[in-house]
Amino acid sequence: MDLSLTFEQQMLVDAARKMVRTHIQPILDAHSPDDALPKSAVLAIMEKAAELGLTSARIPEEGGGAGLSALDYGLMAEQIPPAVGLILQPHEATTTRIYLGGTPEQRERFVPDLMAGRKIAATASSEPNVGSDPRGVETRAHVDGNDIVLNGRKLWISNASVCDVMNVTCRMTAPDGSSRLARILVEPADSPFEATELHMLGLCQSPHGEVVFENCRVPKRNFCPDTGDTAKLLTLTWLTNRPLVGLMAVGLAQRALDLAVEYAKVRKQFGRPIGSFQLIQNDLAEIQTAVVTSRLVCYNALAAIDRGERANGLSAMAKRYAVDACDRAVALAMRVHGAMGLSVELGLDRIARDIRMLHIPDGTPGILTLIQGRELTGLDPFRG
Ligand SMILES: Cc1cc2nc3c(=O)[nH]c(=O)nc-3n(C[C@H](O)[C@H](O)[C@H](O)COP(=O)(O)OP(=O)(O)OC[C@H]3O[C@@H](n4cnc5c(N)ncnc54)[C@H](O)[C@@H]3O)c2cc1C
């Protein structure tokens, strides 16, 4: 077993780092760190990400995508600032869902522009009363002539205010009153809806919004009949998303570690660099241990997905462990800095706020623990 990167993998990592340095960071720096990026900036990011295959990572080459392995995708995602990661990943996952679960006509109409980064995608499942249990969605849809009429509210939706197509989970009501879960592709240009930006603790440049559908009319051709291979769709999106979010946390904790090591070498107290005190060395060792173990547990889950193994438990474990360990590591890095760790000029405060945000999307720690427990015992903790 060789845990080192191959030459090709190192090239992918270097390319992602270069893209961030030369194209993405300047876009982030040109905008307020406290406000969601405007659509023009998101499109500029998409265009560059598309060149590296990050807008089509999970779509196979024969479908025009990058066809990256899950591990290679993760290696690149780790290099991307999470405020951008939470723009790109929902976009790419939605594009993959349309590719795998849409009709041939929907694929042709939506996927090329989304893969090229000319258009932006979002997925809307969560609602004011619906989070961890998406089967309970209350957004209603019914057919009226050639249209589907949507009514309801969605909450915390990444890319809501900037998207060109939103993959909306809703409950479709039949004339006899029966209902079933359905997915509908809503294009705001043709089917306007209200999207309001939400201000959250961290990842402030990443757009997250509330959406209101009030008699929103969508052409029937945008209804997704779920003809795709649903199991494959879930494997490719949910399972891979979790370690990818874990690796976003690793990227943040690595930055905190680098800052803490530098500071410990130059900051002097009692006539000595604080890095020479054993308690500070212990903190640094703990931070590094969290970064390395988190990285490995995420790579391990992604590699299992690539081997085609059942990875539900490993993937849940990877995200839960990595975000939790890296969050604690960032807190330790702040402690190493004393009061400086709390100052806004250093930027550790922003890392601490950003990493807190990663606990929730793609499964809360509680839900991920239960998924692991279900895998270990074979017993369903959710519905008995
Ligand atoms: C940065 C960010 C981006 C997001 N992007 C999107 C997006 O693009 N699209 C989208 O649809 N949603 C998105 N979400 C919403 C996210 O999917 C939900 O927040 C998540 O599913 C949890 O739902 P909730 O917040 O309503 O918490 P709840 O489900 O209400 O959970 C509250 C608490 O109860 C616990 N809990 C729930 N059920 C159980 C149980 N059975 N046993 C034990 N404990 C339980 C949870 O672990 C949690 O601690 C995003 C959220 C964030 C923070």
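Residues numbered from 1 in each chain as written. Predicted model: local features only at pLDDT ≥ 70, side-chain atom pairs only at ≥ 80, totals over all residues. Heavy atoms only, no water.

As a further point, take the domain arrangement of the protein chain. By a frequent convention, interface size equals the accessible area lost on bringing the separate parts together. Taken domain by domain, the protein chain comprises domain 1 (7-119), domain 2 (122-224) and domain 3 (230-377). Each of domain 1 and domain 3 has a C-alpha centre, and the two are 22 Å apart. On the side of domain 3, 23 residues touch domain 1, which itself brings 20 residues to the contact. Carbon and sulfur atoms supply 66% of the area buried between domain 1 and domain 3, which totals about 1,900 Å² over both sides. On the domain 1 side of the contact with domain 3, Arg58, Glu78 and Gln89 bury the most area, a combined 31% of that side's loss. Summed over the shared surface of domain 1 and domain 3, the number is two salt bridges. (Domains from an automatic or database assignment. Contact = heavy atoms within 4.5 Å. Buried area = accessible area lost by both parts, 1.4 Å probe. Salt bridge = Lys/Arg side-chain N within 4 Å of Asp/Glu carboxyl O.)

Moving on to the packing of helix α1 (residues 7-29) against helix α3 (residues 70-77). Relative orientation of the contacting elements α1 and α3 amounts to 35 degrees, with a least axis distance of 8 Å. Crossing handedness for the pair α1 and α3: right-handed. Seen from α1, the contacting residues are Gln9, Leu12, Val13 and Ala16; seen from α3, they are Leu71, Asp72, Leu75 and Met76. By residue class, the composition of the contact of α1 with α3 is six nonpolar, one polar and one charged. (Axes fitted to C-alpha atoms, helices over the stretch in contact; angles between N-to-C directions. Helix = DSSP H or I, 4+ residues; strand = E, 2+ residues; numbered from the N terminus. Left-handed = near helix turned anticlockwise from the far one by under 90°. Nonpolar A, V, L, I, M, F, W, Y, C, P; charged D, E, K, R; others polar.)

Moving on, we get to unusual backbone geometry. Unlike most non-glycine residues, Asn215 shows phi in positive territory, near 50 degrees. Within the secondary structure layout, Asn215 lies in strand β7 (residues 208-219). In this structure Asn215 comes out as exposed when scored by relative accessible area, which is 53%. (Buried < 20%, exposed > 50% of the residue type's maximum accessible area, 1.4 Å probe, protein only.)

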